[in-house]
Amino acid sequence: MTTRTAEEAPVAGREELISGSEAIAQACALADIDVVTAYPIRPYDTVMQFLSRLIADGALKCEFIVAESEHSQFEIVKHASAVGARTFVGSSGVGWFYALEAIAVTAGLRLPVVALVGNRALDDPGAFGCEHNDALAVRDLGWLMNWVSTGQEALDTALIAWRVAEDPRVFLPCAISADGAFLTHSQQIVRVPDKRLVDRFLPPYNRGDLQLHPDNPITIAPQVNEDWLMEMRKQTDAAMRRSRDVIIEAYLDFNRIFHRDLTPFTEEYMTEDAEVILVGVGTLALPIKVAVRRLREQGQKVGFLRLKWFRPFPMPEVQKALSKAKAVGVIDRDYSFGSPMHGGVLAHEVRSALYDVEPRVPVVNFVAGLGGREITQPFAREMFAITQQAAQSGASDTQTHWIGVRENQE
Amino acid sequence: MTTYAVEVVYRGIFQRTLSRNICRGIVLAAHKGGKIGTAFGRYGDSPERNGIPAKYFAVVADDQLELEESLAKYEPKEVDVTICVDDTLCKGVESWAWYGLQPINALTKEGGALLVTSKQAADALLEDIHRKGMPYRLAIVSGPASFSGLWVYKDDHTDVRILGALARVCPGLVSMEAYEQVIQEIWSNEAKVRSARRSYDQTRVRPVEPAEGNTSVPFSFTKPGWTQMREALTIVGVPQGAGFRGGQGGFQPARSEVFKKFSTRTMRPIVNFQTCTKCTLCWLQCPDSCFDVTPDGRYDANLEACCGCGVCADVCPVADCVTMVNEAHFNDNSSQYDWFQRDKDGYLRWLTETVAQQKGEQRSHGFHHWGQYKEEIAAAAAASEAGHDN
Ligand code: SF4
Ligand code: SF4
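Quick notes on the rules
- Residues numbered from 1 in each chain as written.
- Chains lettered and ligands numbered in written order.
- Predicted model: local features only at pLDDT ≥ 70, side-chain atom pairs only at ≥ 80, totals over all residues.
- Heavy atoms only, no water.
- Helix = DSSP H or I, 4+ residues; strand = E, 2+ residues; numbered from the N terminus.
- Rg over C-alpha atoms; globule rule 2.2 N^0.38 Å.
- Areas by Shrake-Rupley, 256 points an atom, 1.4 Å probe, with all protein chains shown as cover.
- Lys, Arg positive; Asp, Glu negative; His and termini not counted.
- Charge placed at Lys NZ, Arg CZ, Asp CG, Glu CD.
- Salt bridge = Lys/Arg side-chain N within 4 Å of Asp/Glu carboxyl O.
- Buried < 20%, exposed > 50% of the residue type's maximum accessible area, 1.4 Å probe, protein only.
- Domains from an automatic or database assignment.
- Contact = heavy atoms within 4.5 Å.
- Polar contact = N/O pair within 3.5 Å; in protein donor to acceptor, adjacent residues only side chain to side chain.
- Nonpolar A, V, L, I, M, F, W, Y, C, P; charged D, E, K, R; others polar.
- Expected span 1.5 Å × (residues − 1).
- Phe/Tyr/Trp six-rings, centres within 6.5 Å; stacked < 30°, edge-to-face > 60°.
- Lys NZ or Arg CZ within 6 Å of the ring centre and 35° of its normal.
- Pairing = 2+ DSSP bridges.
- Axes fitted to C-alpha atoms, helices over the stretch in contact; angles between N-to-C directions.
- Parallel < 35°, antiparallel > 145°, perpendicular 65-115°, else oblique.
- Left-handed = near helix turned anticlockwise from the far one by under 90°.
- Buried area = accessible area lost by both parts, 1.4 Å probe.
- Near = heavy atom within 4 Å.

### Focus: the overall build of chain A
Move 1: Secondary structure assignment for chain A yields 13 helices and 16 strands.
Move 2: Taken over the C-alpha trace, chain A has a radius of gyration of 21 Å; the compact-globule value for 410 residues is 22 Å, and the two agree within 12%.
Move 3: In terms of overall dimensions, chain A has C-alpha extents of about 65 × 55 × 45 Å along its principal axes.
Move 4: Approximately 16,800 Å² of chain A is accessible, and the part contributed by carbon and sulfur atoms is 52%.
Move 5: Between the mean site of the 41 positive side-chain charges and the mean site of the 53 negative ones, chain A shows a separation of 5 Å.

Next comes the structure, spelled out in structure tokens:
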């Protein structure tokens, strides 16, 4: 890896061959974070390795605190954020779960911590492969959440994450999910923007009169009873609702400053005239897009919708992209055992978003790629085929299909 | 259909078992008479904090359906009897969360009763108890609050004496005979049954006129709507750095004005400004930044903020310079330093007397000599025998 100071870098930035984890580390340096906390767990730990190298090389000056557990790791950034430090943290799988107490209150206290979840299956059994249930555990708590699918998107989204999270209209933490191995450990050419442009995009974190400081004596998180808590929850709800416009604003500025053309909430791939659309998050976009191209070559009108942001849920974009389809198939790299239709989390959300769309679009649920299992072309074609059947029958198929699960050999 | 509700206002942790025993005694005794009831705690977090005012309730109804009308509520909106098991709580109650000061008789019904364990007379208590504006009744169970610092008098019979007095002030709820039966069943202790009966016989009820009581307005504030509340669970404090009470000279420490702690206090520190060497220890060690630094370098405890923990008295290196004394003797939170400034001799005379009197008093932060517990149990029994002149 080459390290150059901002002065040497051309305004257009530079291209580097880096992994998703490295891209996040680069974003940390560009955002000039103040405090980062580390505790090793695969695949998240790779970010820590790259960050410590950036610090050792003098490319980033920040407090790098190695905690004794994930719980402390998240507690430390929570407190650092309260005193006005820009923070970065992260974990994976059960490590993220171990920190859940701190994670839950970070949103309640409206602290704009940015975290990377290197998505990993919850062990036991010991497993490094990708599943999304780790990140999804916080979906109801007031965290902004998104899934990235490339190294470039990881870097871009991290910069956007601090900008949105630290906006005084929002002040909510943001979890960036990156599929373990597929993204965290795969190197791609990434354009690293110039620090001077980043400074124009990302103002310093200013907590105003909410900042914990001896000159600004405030009580944070007092004991409250039933007379207070509901109003506080309502405030968090209002902040989450406001975040939608703040995200849109951030993408507009991002595109203007960095000469890019990102869409804020979703990526639509050949959905324009599609009769059958699959929906998913993260790196499974790649095999599905390949399948879309193959099937299009055969004249089938298929498309793919990738959700970039999951909280706030992009309801208008989802409705708009899917309302003209004859059927929709939702791919979950997660599970929600015992839920309606025994389906996955994403499918329930998409179904709910489509409930009021007239005429109602049939929805099929797929659980696929658990534990990092590859979503192959045959699997992708199978999902399109099943969704096409729903399109023909015009009715939702409520059985939830597990794709790629091994059946007994006769 | 007659539902009876009783609340017990108590000091968190120390008196929780006492309050639970009282409320369970009520419900079990009522059940003997064919009624049905419930006993439950409120205003305590779990675990409760030392001395923080908390409440226990007993609700008794004629049948299950009637009881459900009460169960559907968070707590009773009014009670037939308020039982106050530490007389310093008569100054008012601030719950463990963020409320303002609730008068001790806030939930007491018109014509209902307030039952207090105290060594004070009714008139003295009424200097603390806020004016109700409607008639009710006051009764006293003679004796100290059944705890001392972290120590609890578990066998001073306060629980059953309260039940006996309750049969007197609220005869419609449960008969004395039913209480006696239940006390025998729970504790298998004839002495306890006798204590309850004696309390029943001795309890006198004093009517309280609507205009009687402490006329000061209890600290309160309007709860803001969710858009008016500051974001992120933050509450503004008083900044440090200005002079004494915002004026010239001295020092104002940072502190929250919203969370007043005084209703947690059973003892308060009194300071001898004459012998104080200005060593700063009380100021530095007070966990609640209570001490305002005066322009002449002395330390005045802000008694709205003081929770009465006793740390200042423990750390003060000068003998009898900071002394913890019974909170029950005071009717307000006014500044000791102001008094000292106004009338040095008068203040010091009062201080010397009060410190001397404290040495002979039972109220203390814990036990200070071997056998103190036994002595105090005996004294409580004697007080109970002697009865109380209302
Ligand atoms: S008793 Fe003393 S140390 Fe404790 S809160 Fe009161 S003033 Fe502070
Ligand atoms: S600890 Fe005692 S001597 Fe020292 S400043 Fe406080 S009151 Fe004075």
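Moving on, there is more to tell.
### What to know about the pattern of salt bridges
All names here are of chain A.
Move 1: In this structure the tally under the stated criterion is 44 salt bridges over all chains.
Move 2: Salt-bridge contacts for R241 lead to D237; the nearest nitrogen and oxygen are separated by 2.8 Å. Residue R241 and its partner D237 are both found in helix 9 (residues 229-258); the two are separated by four residues, about one turn of the helix.
Move 3: The exposure class assigned to R241 is exposed, which follows from its relative accessible area of 61%.
Move 4: Judged by relative accessible area, D237 falls into the partly exposed class, the value being 28%.
Move 5: For E317, the salt bridge goes to R244, with nearest N and O atoms at 2.8 Å. Here R244 lies in helix 9 and E317 lies in helix 11 (residues 315-322), a separation of 73 residues in the sequence.
Move 6: For R244, a relative accessible area of 23% translates into the label partly exposed.

### Here's the deal with the environment of A:F201
Move 1: Locating A:F201 in the fold gives a position in helix 8 (residues 195-201).
Move 2: When the C-alpha positions of A:F201 and A:A250 are compared, they lie 8.3 Å apart, and in sequence the two are 49 residues distant.

### Re the domain arrangement of chain A
Residues and elements named next belong to chain A.
Move 1: Assigned domains within chain A: domain 1 (14-258) and domain 2 (266-402).
Move 2: Taking only C-alpha atoms into account, the centre of domain 1 sits 28 Å from that of domain 2.
Move 3: Counting residues at the interface gives 28 residues for domain 1 and 23 residues for domain 2.
Move 4: For the pair domain 1 and domain 2, the interface holds four salt bridges.
Move 5: Counting across the domain 1 and domain 2 interface gives 14 residue pairs in polar contact (both at pLDDT 80 or more).
Move 6: When residues of the side of domain 1 that touches domain 2 are traced back to their parent elements, those giving at least two are helix 6 (133-136), strand 6 (144-148), helix 7 (151-165), strand 7 (174-179) and helix 9.
Move 7: Looking at the side of domain 1 that touches domain 2 residue by residue, the class counts come to 16 nonpolar, six polar and six charged.

### Regarding helix 10 (residues 344-359) of chain B
Three- or four-residue spacings in an α-helix give side chains the same orientation, since the helix completes a turn every 3.6 residues.
Residues and elements named next belong to chain B.
Move 1: The end-to-end C-alpha distance of helix 10 is 23 Å, a good match for the 22 Å that 16 residues give at a rise of 1.5 Å each.
Move 2: All of the buried residues in helix 10 are G346, Y347, L348, W350, L351, T354, V355 and Q358.
Move 3: In this structure, the buried residues of helix 10 make contact with strand 11 (267-271), strand 14 (322-326) and helix 9 (336-342).

### Some thoughts on the packing of aromatic side chains
Move 1: Following the criterion strictly, the structure yields 24 aromatic pairs over all chains and no others.
Move 2: With a centroid separation of 5.6 Å and 75° between ring planes, the pair formed by A:W96 and A:W143 is classed as edge-to-face. With A:W96 in helix 4 (residues 93-98) and A:W143 in the loop between helix 6 and strand 6, this pair connects stretches of sequence that are 47 residues apart. Across this residue pair, the class does not change: A:W96 and A:W143 are buried.
Move 3: The aromatic ring of B:W226 is capped on one face by A:K234, whose charged end is 5.1 Å from the ring centroid.
Move 4: The ring centre of A:Y269 lies 5.4 Å from the NZ or CZ of A:K289, which sits over that ring.

### A look at the sheet that holds strand 3 (residues 53-61) of chain B
Residue and element names in this part refer to chain B.
Move 1: Reading across from one edge, 2-3-1-4-5-6-9 is the order of the seven strands in this open sheet, with mixed pairing throughout. Bordering the open sheet on either side are strand 2 (36-42) and strand 9 (205-208), each of which pairs with just one other strand. Strand-to-strand twist of the sheet, defined as the mean angle between neighbouring strand axes without regard to direction, takes the value 20°.
Move 2: Alignment of strand 4 (residues 79-84) against strand 5 (residues 108-118), held across five bridges, turns out to be parallel. Bridge pairing links V79 to T108 in strand 5.
Move 3: Along the sheet, helix 2 (residues 64-71) contacts strand 2 and strand 3; its crossing angle with strand 2, the most-contacted strand, is approximately 15°.

### A few points about unusual backbone geometry
Residues and elements named next belong to chain A.
Move 1: In this chain, R42 is followed by P43 through a cis amide linkage whose omega measures 0°.
Move 2: Relative to the assigned elements, P43 resides in the loop between strand 2 (35-38) and helix 2 (45-56).
Move 3: Between R311 and P312 the backbone carries a cis peptide bond, its omega angle lying at -5°.
Move 4: Examined against the element boundaries, P312 turns out to sit in the loop between strand 13 (309-311) and helix 11.
Move 5: Unlike most non-glycine residues, H259 shows phi in positive territory, near 55°.

### Description of the packing of helix 5 (residues 176-187) of chain B against helix 6 (residues 190-202) of chain B
Helix packing for two helices is described by the angle between their axes and how far apart those axes are.
All names here are of chain B.
Move 1: In contact at an axis separation of 8 Å, helix 5 and helix 6 are set at 155° when each is read in the N-to-C sense. With respect to their mutual orientation, helix 5 and helix 6 come out roughly antiparallel. Helix 5 and helix 6 meet at a crossing whose hand is right-handed. When helix 5 is examined against helix 6, the residues M176, E177, E180, I183, Q184 and W187 are found in contact with a partner set consisting of E190, K192, V193, A196, R197 and Y200.

### Observations regarding the interface of chain A and chain B
Move 1: Taken together, the 25 residues of chain A in the interface contact 27 residues of chain B.
Move 2: Summing both sides of the interface, chain A and chain B together bury roughly 2,500 Å²; the carbon and sulfur share of this comes to 63%.
Move 3: Interface area lost by chain A to chain B is led by A:Q223, A:W228 and A:Q235, which between them contribute 29%.
Move 4: There are three salt bridges connecting chain A and chain B.

### Describing the domain arrangement of chain B
Residues and elements named next belong to chain B.
Move 1: Under the domain assignment used here, chain B contains domain 1 (3-208) and domain 2 (226-256 + 267-359).
Move 2: Computed from C-alpha atoms alone, the centre-to-centre distance between domain 1 and domain 2 is 33 Å.
Move 3: Tallying the contact residues gives seven residues for domain 1 and six residues for domain 2.
Move 4: Note on domain 1 versus domain 2: buried area summed over both sides is about 520 Å², and carbon and sulfur give 51% of it.

### Let's talk about the environment of A:Q392
Move 1: With respect to the helices and strands, the residue A:Q392 is situated in helix 13 (residues 377-393).
Move 2: You can call A:Q392 exposed: its relative accessible area is 68%.

### Describing the site of ligand 1
Move 1: Near ligand 1 lie 13 residues; those nearest to it are B:C286, B:C306, B:C309, B:G310 and B:C312.
Move 2: A breakdown of the residues in the shell around ligand 1 according to their chemical character gives eleven nonpolar, two polar and no charged.

### Concerning the site of ligand 2
Move 1: Lining the immediate surroundings of ligand 2 are B:C276, B:T277, B:K278, B:C279, B:T280, B:C282, B:Y299, B:C316, B:P317, B:V318, B:C321 and B:V322.
Move 2: Residue composition of the shell around ligand 2, by class: nine nonpolar, two polar and one charged.

### Observations regarding the sheet that holds strand 3 (residues 63-66) of chain A
Residue and element names in this part refer to chain A.
Move 1: The sheet built from seven strands is open, its strands ordered 3-2-4-5-7-6-13 with mixed pairing. This sheet does not close on itself; its edge strands, each paired only once, are strand 3 and strand 13. With strand direction ignored, the average angle separating the axes of adjacent strands in the sheet is 20°.
Move 2: Where strand 6 and strand 7 come together, five bridges link them in parallel fashion. Bridge pairing in strand 7 places W147 opposite S177.

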